[in-house]
2 protein chains.
Amino acid sequence: MALPRSIQTRLLPCARRSPSLGYVPNRAARSLASQQSHAIALVVPEDTTRFFGDVYFASIVAGINDRLEQSDYVLTLMVADHAPQGKMLRYLAGGAVDGVVVVSHHTFDTSLSRIGQMLPMVFGGRSGLQGVDGWVVDVDNVDGAVTATQRLVDRGCTNIATISGPLSMQSALDRVEGWRSTLQEAGLTPGPVIDGDYSVIGGARAARELIETYPEVDGVFVASDLMTSGAMPVFLDRGYAIPDDVKIVGYDDSPAAKSCEVPLTTVRQPSVEMGREMADILLDVLAGNSDRQRTTVLPTRLVERESA
Amino acid sequence: MALPRSIQTRLLPCARRSPSLGYVPNRAARSLASQQSHAIALVVPEDTTRFFGDVYFASIVAGINDRLEQSDYVLTLMVADHAPQGKMLRYLAGGAVDGVVVVSHHTFDTSLSRIGQMLPMVFGGRSGLQGVDGWVVDVDNVDGAVTATQRLVDRGCTNIATISGPLSMQSALDRVEGWRSTLQEAGLTPGPVIDGDYSVIGGARAARELIETYPEVDGVFVASDLMTSGAMPVFLDRGYAIPDDVKIVGYDDSPAAKSCEVPLTTVRQPSVEMGREMADILLDVLAGNSDRQRTTVLPTRLVERESA
DNA sequence: GTGAAAGCGCTAACAA
DNA sequence: TTGTTAGCGCTTTCAC
């Protein structure tokens, strides 16, 4: 019987040892034999426009890449329109990656729970997903919203509304909760909560609705800076001076915060650091230290500029 | 001899047939046996900031995803700081993907040439890479620049400069060439060429340098809209009225073009369509039709707004 | 140490 | 049609 196994395997063991000679091992074979792929996936259940439109994601990717550079894992980015579909789930479940980082998860999306049972999974932001014992890296959204809202209260606002993220996201719910509790604490009646979808367009739409339904508004907690980029021009157009007539506090401290018409007072969250931390946890877990702390909460802080 | 092969393989052929029951084939094994991975990579040799900052990439990804949705290939995004390094090259060369799409390639980067000899490769924009017979989807950058520059000439500008992309990119060189040839054709002396690095910051810096060295400028072809976002405020700050004192034509027709202080006259290039076309070619080649036309050139057209 | 061989879970070719 | 089996190119174990 002639050459039962690959010629390369049998005859060129020296070439295999010498990567300098240009030998590259076959990934599928290596992966099949060793049961690991040395790749991790970042899954973002958002459409491309949202993914590219929000610098939050850029920071997360930068942080993950930064940490991964010192490892021999590669990062594959998977942008899934809302819930990952069959093809992508099979990709993840089929062993193409050793672990998964999920950001921007919507509570109604349960498609990832099966994956979470097969692979280590780290969430950026609490997921509200049941039955998956993954890891979570988050900021204290409630606390951040309290800080933001307290600033408005301290500045003398009494008619305080909020433009929130989509209520299918835990972070959005938490920020609304922080806003509401601060107002109750202060003895103020909460104004409207309007969903601005964490987007520029949504922020503008929400601002318009807010002015229609609650013209006496004198303070707004806008739950992301991107929404502020949409909302602020609307207030200015309608003749509200900022911060004189209405005060605004944002969330993220993204580049948009500095380049607004009125520089934005906002809650800074350490996005790059979050990415780095998520990658760090995943790498650690993949190396066998599955006793990593389940939840990591990073601090936020108020960045004071002119809008409030 | 007991159970020589996988129990699953031998005993559960029915389960394997029934994906509805939750069976997911092992990707490494399938890939090893069939010699294909059913994945393609989009390689972007840029840092994360650039990748996320330029909507051009968002459009490309959207186009590719759009086309891939009707296939059973998945897209993995690889953002490589400038030249892809060892880890990523081994990933690509090791058979993790069946084909590669490259955008934003710099002429000095030869790291991909070996990959291009192993896998089908489609470039977004001419690469200037030797020895790789890949496919190219491009717009006619020279022609686009001619259109833009001709607009400035027609509007009566006589001191016409250009803010270019990095001259390590073929698209930047082509646009400079189109600009220069139009001016020569018109009997005008070309003004300075200043590299604005295809970025907002770079555009602002270039505008400052331009005003220093060539204050008589009355027309600028800015080779990307992103650079215009940086350049336009500088002109306005320095007291140049647009379009009265200086006329500006951009390139891309990105969202930035509409939201500039002065709505931007710009050369529209069909980025989403380019992504779709690149994916289409790659899929076609992977299906065995390697006789696809090597170069596809998509049309540009001038979008007239107020800046020129 | 160095070398042979088993087997990872599939696909594809072939036999029944 | 259906069932069997030889690889795919690695890693790992085990014998030398």
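Please read all numbers here as calculations on a predicted model, not as lab measurements.

(A) Here's a closer look at the UniProt feature "domain: Transcriptional regulator LacI/GalR-like sensor" (unreviewed entry) in chain A. Within this structure's numbering, the places UniProt gives as "domain: Transcriptional regulator LacI/GalR-like sensor" (unreviewed entry) are residues 150–307 of chain A. Helix makes up 44% of residues 150–307 of chain A and strand 18%. Its end C-alpha atoms lie 14 Å apart.

(B) Up close: the environment of Gly144(B). Residue and element names in this part refer to chain B. Within the secondary structure, Gly144 sits in helix α8 (residues 141–154). For the pair Gly144 and Arg268, spaced 124 residues apart in sequence, the C-alpha separation works out to 8.5 Å. For Gly144, the residues in contact, after removing those within four places along its chain, are Tyr251, Val267 and Thr300.

(C) Expanded view of the relation of the copies chain A and chain B. In the superposition of chain A on chain B (RMSD 0.0 Å, axial shift 0.0 Å), the rotation amounts to 180°. The two molecules are tied by a two-fold rotation axis, judged by turn and shift. Of the residues that chain A buries at the interface, 97% are likewise interface residues in chain B, meaning the two copies contact each other through the same surface.

(D) Representation of the domain arrangement of chain A in the model. All names here are of chain A. The domains assigned to chain A are domain 1 (13–139 + 272–298) and domain 2 (141–268). For domain 1 versus domain 2, the separation of C-alpha centres amounts to 33 Å. Taken together, the contact between domain 1 and domain 2 spans 14 residues of the former and 12 residues of the latter. Among the residues domain 1 hides against domain 2, the three largest losses belong to Arg50, Arg126 and Val139. Together they make up 40% of the total. Linking domain 1 to domain 2 there are two salt bridges. Put simply, Arg50 and Asp197 hold a salt bridge, and the shortest N to O gap is 3.4 Å. On inspection of domain 1 and its partner domain 2, the count reaches six residue pairs in polar contact (both at pLDDT 80 or more).

(E) Region of interest: α8(B). All names here are of chain B. Its 14 residues place the ends of α8 20 Å apart at the C-alpha level, agreeing with the 20 Å of an ideal helix rising 1.5 Å per residue. Considered for burial, the residues of α8 that qualify are Asn141, Gly144, Ala145, Ala148, Thr149, Arg151, Leu152 and Val153. Its side-chain oxygen at 3.3 Å from the backbone nitrogen of Val142, Asp140 defines the N-terminal cap of α8. Following α8 by one or two positions, Gly156 adopts a phi angle in the positive range, close to 95°.

(F) Just the sheet that holds strand β9 (residues 247–252) of chain A, in detail. All names here are of chain A. One open sheet holds the six strands; their spatial order is β7-β6-β8-β9-β10-β12, and the pairing between them is mixed. Strands with a single pairing partner mark the edges of an open sheet, and in this sheet they are β7 (193–195) and β12 (301–303). Recorded for the sheet is a direction-independent mean angle of 20° between the axes of neighbouring strands. Alignment of β9 against strand β10 (residues 265–268), held across four bridges, turns out to be parallel. Among the inter-strand pairings, Gly250 is bridged to a residue of β10, identified as Thr266. Relative to β9, helix α8 (residues 141–154) is tilted by about 160°, and along the sheet it contacts β6 (160–164), β8 (219–222), β9, β10 and β12. Contacts from helix α11 (residues 225–237) reach β6, β8, β9 and β10 within the one sheet, and its direction differs from that of β9 by about 160°.

(G) Spatial organisation of the interface of chain A and chain B. Taken together, the contact pairs 37 residues of chain A with 36 residues of chain B. Here chain A meets chain B over a buried area of about 3,000 Å², counting both sides, of which 67% is carbon and sulfur. On the chain A side of the interface with chain B, the three residues burying the most area are Phe52(A), Lys87(A) and Tyr91(A), jointly 22% of the side's total. Summed over the shared surface of chain A and chain B, the result is zero salt bridges. On the surface where chain A and chain B come into contact, there are eight residue pairs in polar contact (both at pLDDT 80 or more). The set of elements that each furnish at least two residues to the side of chain A that touches chain B consists of α3 (27–34), α4 (48–53), α5 (55–68), β2 (74–79) and α6 (86–93) of chain A.

(H) View of the packing of aromatic side chains. Under the criterion given, the structure shown has 13 aromatic pairs over all chains. On the basis of an interplanar angle of 45° and a centroid distance of 5.5 Å, the ring pair of Phe51(B) and Phe57(B) is categorised as tilted. The exposure classification of Phe51(B) matches that of Phe57(B), with both residues buried. Here Tyr56(B) and Phe57(B) contribute two aromatic rings whose centre-to-centre distance is 5.5 Å and whose plane-to-plane angle is 65°, an arrangement assigned as edge-to-face. Residue Tyr56(B) is classed as buried on the basis of its relative accessible area, which comes to 15%. Among the aromatic residues, those joined into a cluster by ring pairs are Phe51(A), Phe52(A), Tyr56(A), Phe57(A), Phe51(B), Phe52(B), Tyr56(B) and Phe57(B). Here the basic side chain of Arg175(B) rests over the ring of Tyr251(B), its NZ or CZ set 3.8 Å away from the ring centre. Over the aromatic face of Trp135(B) sits the side chain of Arg294(B), whose NZ or CZ is 3.9 Å from the ring centroid.

(I) Spatial organisation of the packing of α5(A) against helix α13 (residues 271–286) of chain A. Residues and elements named next belong to chain A. Where α5 contacts α13, the axes come no closer than 7 Å and their chain directions differ by 40°. Viewed along their axes, α5 and α13 adopt a mutual orientation that is oblique. The chirality of how α5 crosses α13 is right-handed. For the pair formed by α5 and α13, the contact residues are Tyr56, Ser59, Ile60, Gly63, Ile64, Asp66, Arg67 and Leu68 on the first element and Ser271, Val272, Met274, Gly275, Arg276, Met278, Ala279, Asp280 and Leu283 on the second. Residue composition of the contact of α5 with α13, grouped by class: nine nonpolar, four polar and four charged.

(J) Region of the structure containing unusual backbone geometry. Here the residue pair Ile242(A) and Pro243(A) is connected by a cis peptide bond, since its omega of 5° sits within 30 degrees of zero. The topology assignment puts Pro243(A) in the loop between α11 and β9. For Asp252(A), which is not glycine, the phi dihedral falls at a positive 130°. Relative to the assigned elements, Asp252(A) resides in strand β9. Phi at Asp197(B) is positive, roughly 65°, even though this residue is not glycine. Within the secondary structure layout, Asp197(B) lies in the loop between β7 (193–195) and α10 (200–213). Given the relative accessible area of 31%, Asp197(B) is considered partly exposed.

(K) Structural context of the environment of Arg50(A). Tracing the chain through its elements places Arg50(A) in helix α4. Once residues lying within four places of it in the same chain are set aside, the contact partners of Arg50(A) are Phe57(A), Asp197(A) and Tyr198(A).

Scoring rules and cut-offs
- The numbering scheme is per chain: residues are counted from 1 as the chain's sequence reads.
- The lettering of chains begins at A and the numbering of ligands begins at 1, in the order of writing.
- A pLDDT threshold of at least 70 governs which residues receive local features in this predicted model, and a stricter bar of 80 or more applies before side-chain atom pairs are shown or counted, although totals over entire chains, interfaces and linings include all residues.
- Side-chain metrics rest on all non-hydrogen atoms present in the structure, leaving aside hydrogens and water.
- UniProt positions are given in the numbering used here, feature names are shortened, and annotations may be inferred rather than shown by experiment.
- Secondary structure counts use DSSP, requiring at least four H or I residues in a row for a helix and at least two E residues in a row for a strand, with both numbered from the N terminus.
- Residues are treated as being in contact if the distance between any of their heavy atoms lies within 4.5 Å.
- Least-squares fitting of one copy onto the other uses the C-alpha atoms of those residues that reach a pLDDT of at least 70 in both copies.
- Where each domain begins and ends is defined by an automated method or by a domain database.
- Simply put, the buried area is the total loss of 1.4 Å probe accessible area from both parts when two parts are fitted together.
- For salt bridges, the criterion is a side-chain nitrogen of Lys or Arg within 4 Å of an Asp or Glu carboxyl oxygen.
- Under this definition, polar contacts are N or O atom pairs within 3.5 Å; protein pairs additionally need one hydrogen-donor-capable and one acceptor-capable atom, and for neighbouring residues in sequence, both atoms have to be side-chain atoms.
- A helix's residues, less one, multiplied by 1.5 Å, set its expected span.
- To sort residues, take the accessible area from a 1.4 Å probe on protein chains only and compare it with the maximum for the residue type: under 20% means buried, over 50% means exposed, and anything in between is partly exposed.
- A pair of strands is treated as paired once DSSP finds two or more bridges between them.
- In this analysis an axis means a line fitted to C-alpha atoms, helices contributing only their contacting stretch, and an angle means the value between N-to-C directions, from 0 to 180 degrees.
- What counts as a ring pair is set by centres within 6.5 Å for rings of Phe, Tyr and Trp (its six-membered ring), and what kind of pair is set by the plane angle: stacked under 30 degrees, edge-to-face over 60, tilted for all other angles.
- Lysine NZ or arginine CZ positioned within 6 Å of the ring centre and within 35 degrees of the ring normal marks a charge as sitting over the ring.
- Put simply, angles under 35 degrees are roughly parallel, angles over 145 are roughly antiparallel, angles from 65 to 115 are roughly perpendicular, and the rest are oblique.
- Note on convention: the crossing is left-handed when the near helix lies turned anticlockwise from the far helix by less than a right angle, right-handed when the turn is clockwise.
- When residues are sorted by character, Ala, Val, Leu, Ile, Met, Phe, Trp, Tyr, Cys and Pro go into the nonpolar class, Asp, Glu, Lys and Arg into the charged class, and all the rest, Gly among them, into the polar class.

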